[in-house]
Amino acid sequence: MSSHADHTTVIVGAGPAGLTAALGLARYRHPVIVVDSPRAPRNSASTGVHGHIGMDGVTPAEFRERAWRELSRYTTVERLEDDADSVSSAPGGGFRVALGGGETVEARTVLIATGVVDVHPADVDGFAECWGRSVIHCPFCLGEENAGRRWATVADNAELAGLSAVAFRAWSEDTIAICQESMPGLETARATARSRRGDVVTGTVRRLHHREGSLYGIELADGRVLERQTLVWTPRQRQQPVVQRAAEELKLTVDDAGFVGVDASQCTSVPGLYAAGDLTSRWKQSVTASTAAGAAVADAIHMSALLGVVHH
């Protein structure tokens with residue numbers, strides 16, 4: 001595939017950030033190529049989008065279907081169903097995106113909006129089956145759907161453990177935190193939780209007892225089973241391989257956890273290369289935050305094209 005016009009933007013990833021950016025650019029009549037991976041999206045296990053006005057309860061599949069139906073009305077938008085292998089500098093300026101099928105696409109600007117990879121604990125039986133249903137990473141996303149149940153949360157620091165009884169009170173009156181015995185500040189955390197009718201339990205989760213993804217018990221390594229119906233567990237995250245390669249090759253600024261640094265317009269440390277969505281922040285991961293970031297990218301790219309400069 002040959003190079004495209006100077007003002008073409010390639011968007012790598014077709015989640016909320018990428019699709020919103022594509023729509024914004026389309027309405028600016030800006031040529032856009034969206035590289036849409038054929039693999040199941042990260043949120044495919046979720047029962048629905050929540051907290052986004054006009055979309056509350058809509059399934060991820062329906063969200064994407066609606067988006068592509070809307071984008072299909074714009075002749076400046078092209079969809080490529082393929083994986084992106086790499087993003088690198090193009091010899092004539094701009095960027096070259098290599099696709100899994102062997103083709104390449106060149107563009108003046110690129111938006112990386114791939115999301116991240118949730119690294120599920122390999123030694124916890126039943127985690128994958130419950131993920132996105134009764135094991136949730138975000139109470140705001142699925143707390144309402146789990147309201148009134150007995151909750152637990154896996155905490156890796158004492159402050160989070162102690163405050164969990166307060167933080168989740170909107171959805172559950174029976175919440176415990178599960179921590180390691182060696183955690184500094186454990187007794188203070190336990191006292192804080194108990195003062196708010198919660199508790200802190202020490203141990204390592206080894207198995208989740210469930211019925212078709214509906215949790216009813218959390219088994220610890222010592223054989224104890226805690227009767228719980230919802231587990232809040234935010235697993236470790238890593239970048240998609242294409243993002244890792246781009247960060248290394250283009251020397252992108254990333255934080256200690258590997259999240260890509262961007263400015264207010266979502267531009268990375270490399271002029272003309274943008275990033276939006278979950279790959280830029282560990283604690284601002286939602287459909288609403290991602291769509292807002294995608295809209296900001298569309299505005300920034302349009303202004304750059306209008307002024308004839310590459311934004312940084």
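Residues numbered from 1 in each chain as written. Predicted model: local features only at pLDDT ≥ 70, side-chain atom pairs only at ≥ 80, totals over all residues. Heavy atoms only, no water.

K.L.:
Could you give an account of the sheet that holds strand β4 (residues 84-89), naming the residues involved and the relevant values?
P.N.:
The sheet built from 3 strands is open, its strands ordered β4-β5-β6 with antiparallel pairing. Only two strands of the sheet have a single partner each, and these edge strands are β4 and β6 (104-107). Taken over all neighbouring pairs, the strand axes of this sheet differ in orientation by 20° on average, direction set aside. (Pairing = 2+ DSSP bridges. Helix = DSSP H or I, 4+ residues; strand = E, 2+ residues; numbered from the N terminus. Axes fitted to C-alpha atoms, helices over the stretch in contact; angles between N-to-C directions.)

K.L.:
Tell me about the packing of aromatic side chains, residues and numbers included.
P.N.:
How two aromatic rings sit relative to each other is set out by the distance from centre to centre and by the angle between their planes. Scanning all chains against the criterion turns up 4 aromatic pairs. An angle of 90° between the planes, with centres 5.3 Å apart, marks the rings of Phe127 and Trp233 as edge-to-face. Within this pair, whereas Phe127 is found in helix α3 (residues 127-130), its partner Trp233 is found in the loop between β16 (230-232) and β17 (236-239), the two being separated by 106 residues in sequence. Looking at Trp233, the relative accessible area reads 15%, which means it is buried. Each ring, one from Trp151 and one from Phe168, has its centre 5.5 Å from the other, and the planes form 50°; the classification is tilted. Of this pair, Trp151 sits in strand β10 (residues 151-154) while Phe168 sits in the loop between α5 (158-167) and β11 (175-179), and the two are 17 residues apart along the sequence. The structure contains a cluster of three or more aromatic residues connected by ring pairs, namely Phe127, Trp131 and Trp233. (Phe/Tyr/Trp six-rings, centres within 6.5 Å; stacked < 30°, edge-to-face > 60°. Buried < 20%, exposed > 50% of the residue type's maximum accessible area, 1.4 Å probe, protein only.)

K.L.:
Tell me about the sheet that holds β16, and name the residues and values.
P.N.:
In space, the 5 strands of this open sheet follow the order β9-β16-β10-β11-β12, with parallel pairing throughout. Bordering the open sheet on either side are β9 (135-136) and β12 (199-202), each of which pairs with just one other strand. By the bridge criterion, 3 bridges tie β10 to β16 in an arrangement that is parallel. Its bridge partner being in β16, Ala152 is matched across the sheet by Leu231. Seen against the sheet, α5 touches β10, β11 and β12 and runs at an angle of roughly 165° to β11. Each of β11 and β12 is contacted by helix α6 (residues 186-194), which is oriented at about 140° to β12, the strand it contacts most. (Contact = heavy atoms within 4.5 Å.)

K.L.:
Lay out α5 in plain terms, naming residues and giving numbers.
P.N.:
Residues Ala158, Ala161, Gly162, Ser164 and Ala165 constitute the buried set of α5. Buried residues of α5, seen end-on, are gathered within an arc of 140° and therefore sit on one face of the element. Lining the buried residues of α5 we find β10, β11, α6 and β12. The N-cap of α5, judged by a side-chain oxygen 3.2 Å from the amide nitrogen of Glu159 a few residues on, is Asn157. (Arc of directions from axis to C-beta. Polar contact = N/O pair within 3.5 Å; in protein donor to acceptor, adjacent residues only side chain to side chain.)

K.L.:
Hey, could you go over a nonpolar patch on the surface for me, with residue numbers and the actual values?
P.N.:
Together, Met303, Leu306 and Leu307 make up an exposed nonpolar region whose accessible area comes to about 330 Å². Examined against the element boundaries, Leu306 turns out to sit in helix α8 (residues 287-307). With relative accessibility at 58%, the residue Leu306 sits in the exposed group. (Patch = residues over 30% accessible without salt bridge, like charges linked within 9 Å, V, L, I, M, F, W, Y side chains within 5 Å. Areas by Shrake-Rupley, 256 points an atom, 1.4 Å probe, with all protein chains shown as cover. Salt bridge = Lys/Arg side-chain N within 4 Å of Asp/Glu carboxyl O.)

K.L.:
I'd love a proper account of the packing of α5 against α6, names of residues and values included.
P.N.:
The interhelical angle for the contact between α5 and α6, taken along N-to-C directions, is 10°, at an axis separation of 7 Å. Looking at the two axes, α5 sits roughly parallel to α6. Across the interface between the two elements, Ala158, Ala161, Gly162 and Ala165 from α5 touch Leu186, Ala189, Thr192 and Ala193 from α6. Across the contact of α5 with α6, the residue classes break down as 6 nonpolar, 2 polar and no charged. (Parallel < 35°, antiparallel > 145°, perpendicular 65-115°, else oblique. Nonpolar A, V, L, I, M, F, W, Y, C, P; charged D, E, K, R; others polar.)

K.L.:
Any details on the pattern of salt bridges? Residues and values, ideally.
P.N.:
Within this structure, the stated rule accounts for 16 salt bridges. Notably, a salt bridge pairs Glu62 with Arg66, separated by 2.9 Å at the nearest N-O pair. Taken together, the residues span about one helical turn, with Glu62 and Arg66 both in helix α2 (residues 60-71) at a distance of 4 residues. Here Asp199 and Arg194 are joined by a salt bridge, their closest N and O atoms 2.9 Å apart. Through salt bridges with shared partners, a single ionic network connects Arg150, Asp174, Glu227 and Arg228.

Any link to function would need more than the numbers given here.
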